[in-house]
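Residue strings, one per chain:
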Amino acid sequence: MNRILEWGPSFQFFRKHKTLRAATPFFFFFIQSNLLMFVFLSPCAVTVYLVLFGSTRAENNCGLSRTWLETLSVTVDIKKNGFHRELVTTIGFSPGSLDGLEALLVYRLPSGIYIDPYQLASLKEDTGLQVLLSSPVDLEAPAHLSKKVTIFVYPLLDQGGFRATVPIHGRYHKPSLAGKSFELVKIEHPKLILRTNTCTHLSFPPYKIFDAPCSVHNLSTCQWLEIQHLEKQDPVSLEIPLGDGSLVAPVCAGNLLVILLCCIILSRSIWKHGVF
Amino acid sequence: MERVVSLLMKKHVLFTVSFFVRLVLVGFGVYQDRTTVVKYTDIDYHVFTDAARFITQGQSPYNRSTYRYTPLLAWILTPNIYLNHVFGKLLFITCDVLSGHVIYHILRQRGLSCEAACRVCSLWLLNPLPAGVSSRGNAESVLAVLVLATLLCLELNRLVTAAVLYGLAVHMKIYPVTYVLPIALSLQRLAGGEDSRVRLVWWRRAFGFLVSLLNKELLLFAGVSGMVFCGLNLLFYYMYGWDFLQETYLYHLTRRDIRHNFSPYFYMLYLTAESPWSLYLGLAAFLPQALLLLLVSLAFHRDLALCWFLHTSIFVSFNKVCTSQYFLWYLCLLPVVLPRLTMSPKKGLGLLALWFAGQGIWLAPAYFLEFEGYNTFLLIWLAGLLFLIINSFIMVQIINHYKPLHTVKSLKAE
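All of these numbers come straight from a predicted model, not from anything done at the bench. (Residues numbered from 1 in each chain as written. Chains lettered and ligands numbered in written order. Predicted model: local features only at pLDDT ≥ 70, side-chain atom pairs only at ≥ 80, totals over all residues. Heavy atoms only, no water.)

All names here are of chain A. Spatially, 6 strands are ordered β5-β6-β3-β10-β12-β11 in an open sheet, and the strand pairing comes out antiparallel. The sheet terminates laterally at β5 (130–133) and β11 (208–213), the two strands that pair on one side only. Pairs of neighbouring strands in the sheet enclose a mean axial angle of 35°, with direction left out of account. In the sheet, strand β3 (residues 101–109) pairs with strand β10 (residues 191–196) via 6 bridges, with the strands oriented antiparallel. Considered in β10, the bridge of L101 is made with T196. (Pairing = 2+ DSSP bridges. Helix = DSSP H or I, 4+ residues; strand = E, 2+ residues; numbered from the N terminus. Axes fitted to C-alpha atoms, helices over the stretch in contact; angles between N-to-C directions.)

The next subject is the packing of aromatic side chains. Residue and element names in this part refer to chain B. Throughout the structure, instances matching the rule amount to 39 aromatic pairs over all chains. Geometrically, the ring pair formed by Y270 and F377 is tilted, given 5.3 Å between the ring centres and 50° between the ring planes. Of this pair, Y270 sits in helix α15 (residues 266–271) while F377 sits in helix α22 (residues 377–400), and the two are 107 residues apart along the sequence. Overall, Y270 belongs to the buried group, its relative accessible area being 2%. Ring geometry for F309 versus Y330: centroids 6.2 Å apart, planes at 80°, classification edge-to-face. (Phe/Tyr/Trp six-rings, centres within 6.5 Å; stacked < 30°, edge-to-face > 60°. Buried < 20%, exposed > 50% of the residue type's maximum accessible area, 1.4 Å probe, protein only.)

What follows concerns the nonpolar core. Counting residues in each nonpolar core, the largest one holds 180 residues, and the members touching the most others are L69, I187 and L192 of chain A together with W308 of chain B. Those residues in contact with L69 of chain A that lie beyond four places of it in its chain are L64, L194, F204, Y207, L225, I227 and H229 of chain A. In terms of nonpolar packing, the next biggest core, distinct from the first, is built from 12 residues, V106, L132, Y154 and C222 of chain A among them. (Core = buried A, V, L, I, M, F, W, Y, C linked by side-chain atoms within 4.5 Å. Contact = heavy atoms within 4.5 Å.)

Further remarks concern the interface of chain B and chain A. Interface extent is often summarised as the accessible area lost during association of the parts. Contacts between the two partners involve 54 residues from chain B, matched on the other side by 45 residues from chain A. When chain B packs against chain A, the two sides together hide about 4,400 Å² of surface, and 66% of this comes from carbon and sulfur. Three residues, R259, Y270 and L271 of chain B, lead the burial of chain B against chain A; their summed loss comes to 13% of the area buried on that side. With its nearest N and O atoms 3.0 Å apart, the salt bridge here joins D126 of chain A to K39 of chain B. When contributions to the side of chain B that touches chain A are tallied by element, the ones reaching two or more residues are α3 (43–56), α15, α17 (286–300), α21 (345–372) and α22 of chain B. Ranked by residue count, the leading element in the side of chain B that touches chain A is α22 of chain B, at 11 residues. (Buried area = accessible area lost by both parts, 1.4 Å probe. Salt bridge = Lys/Arg side-chain N within 4 Å of Asp/Glu carboxyl O.)

All names here are of chain B. At a closest axis distance of 9 Å, the pairing of α21 and α22 adopts a crossing angle of 165°. On the basis of their axis angle, the class for α21 and α22 is roughly antiparallel. Here α21 and α22 pass one another in a crossing that is left-handed. Contact residues: α21 offers K347, L351, L354, W355, G358, Q359, I361, W362, P365, A366 and L369, while α22 offers F377, L379, I380, A383, G384, L386, F387, I390, N391, F393, I394 and Q397. A class-by-class count of the residues in the contact of α21 with α22 yields 17 nonpolar, 5 polar and 1 charged. (Parallel < 35°, antiparallel > 145°, perpendicular 65-115°, else oblique. Left-handed = near helix turned anticlockwise from the far one by under 90°. Nonpolar A, V, L, I, M, F, W, Y, C, P; charged D, E, K, R; others polar.)

Once that is clear, we can look at the state of the cysteines. Working definition of a disulfide: a covalent bond connecting the sulfur atoms of two cysteines. Counted according to the given criterion, the structure contains 1 disulfide over all chains. The disulfide partner of C214 of chain A is C222 of chain A, and the S-S distance across this bridge is 1.8 Å. Of note, the bridge from C214 of chain A to C222 of chain A carries an S-S torsion of about 100° and is right-handed in sense. Comparing C214 of chain A with C222 of chain A shows no difference in burial state: the two are buried. Looking at the unpaired C114 of chain B, the closest cysteine sulfur is the one in C118 of chain B, lying at 4.8 Å. On the accessibility criterion, C114 of chain B (34% relative accessible area) is partly exposed. (Disulfide = S-S within 2.5 Å.)

Empty space among the atoms can be located by rolling a probe the size of a water molecule over them. Residue and element names in this part refer to chain B. One pass over the full model with this rule turns up 5 cavities of 30 Å³ or more. In this structure, the largest cavity is lined by 13 residues; those nearest its centre are Y69, L73, A139, M172 and K173. Elements represented by at least two residues in the lining of the largest cavity include exactly α3 and α9 (140–155). The dominant element in the lining of the largest cavity, judged by the number of residues it contributes, is α9, at 3 residues. (1 Å grid on protein atoms, 1.4 Å probe; cavity = no way out; pocket = protein on both sides within 12 Å on 5 of 7 lines; lining within 4 Å. Points joined across faces, edges and corners; volume = space filled by probe spheres on them.)

Keep in mind that these numbers describe shape and distance, not what the molecule does.
Structure (structure tokens):
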């Protein structure tokens, strides 16, 4: 987690626009409802609050029910072709109370692909999608010189479900000497973790607690509930074209030949028409 | 229709219209960026703006990864943050139109009538390529105006101004550094060090040639441009340290971009990226470039416009990395060379079509690789080689059909 915090300066852009864009509907709703409670209904509110949340606090599951959690599903899909793709994640669940519920997808991206943080910044302006990267990204390095990167995707609520479309890009791979034309890059299924912004302490066995940044601004760490029954799905994959390493000799020879030819015709013409 | 054309050929009308067209393109860009997913603005423009933002925050512009330009550019673009996001684009289109203006003056200097100069100028000013590139927020037009203004000042014999502009141009982008030899040779000729056709031993001739290089004009030019170049570099090195040298110059010198581009070398460099002799291959690739540049300098330094045009097109065509924005480097010098070409318009258009066809043949497999995921590396490589052959052929045609300056002057004298 330290590495995330170290990379703080690069996220200043995200931070600056926080007040403009990051206010999710839940956040507004939360503030509004609290204002109402404390300004107009403060005496009753205390009793209502105790009645409503007192019982859940005993179990400390923050209003999440096991049956509801079991309806959660995550589908991952890769759209478009070639080097520039879209990683589309949809979180489905049965209808229920979503007040203050926040979802977070934790992806462990392989070294064969990368995410462009600057493209994410403009994406945030356009769609509001927020993504946090765990380490700086080299946009130009080939796959074998790159590392895996963890990304935190804060999906957007869209027509009763959470949905996130993240642009990903394939890296160039080492040429293949074995005649392979494509490299299969697999993206592991993401971890889905949840929390509600109404309660800070989660305890909901057998669900595990997962520590992750509370928001994309990466200022503090929160406890999230890890939804584990989703993890057994197959990874999605994309194919990246590979150079043919067995062609080194003909390619070098071809280059030498053509460049020599071009040099000769150019030199001949320069020699003929130049004034020395 | 004819009236419209003749009206367009009036100087102030032409320049107003071309500036207005670019303004409309900038406005259209703002609209398209807001409404559609496919952005009009060049990705580099966002890089510049991000770097400028770091400067306004008192940080180094190199905190923006892939910012590989002089900090001067980011400094110039700080109004992007303080005033408005389109400031840079307005600056670039102004430079673009200014380039047209400089082209006009060079053409007049080379003896063209006002109307003829306007007609040639319109090839730059009403050309969708530079207009599109500058209104999308690409900074090439700044360099174009610096290079052209250097040429104009040299032709007008304003050495100090030329030297300042040249130092600035090389500071902005390293490629005009290759013009140093033709400039030195032409200044040596100005000083009258030529015509030692007495038969001497080769080493005496070579020595005499070297001595004749050290004339007052050349020392003045080298001193002033060197001072501008080194002064700016020292200033920015002091401000931003090693990052500045690494990103602005060393990166471009040692650049070994294995991703597909127009260069004939791309596939070779990709396939040999891991091998121990990749460094030597990269260095060997400089050899044909250097030899041809030397030859062109010696052969055509009497006509700097032609010499620089050939220099840049050879440099770009034989470079290890070549993207379409590099084409503007030599295209901005083409209008200056064009009036002296004696080929028929039909042939000229044929060569132009050939050039575009070469790009099209490359773009098709590159599109299928990048956006459809087909393995077309071999086709891209072959298309890159074909494009080099086409470029060489066009350069040969230009050299063969070029009417040199001095014959015209001697004709006039008669």
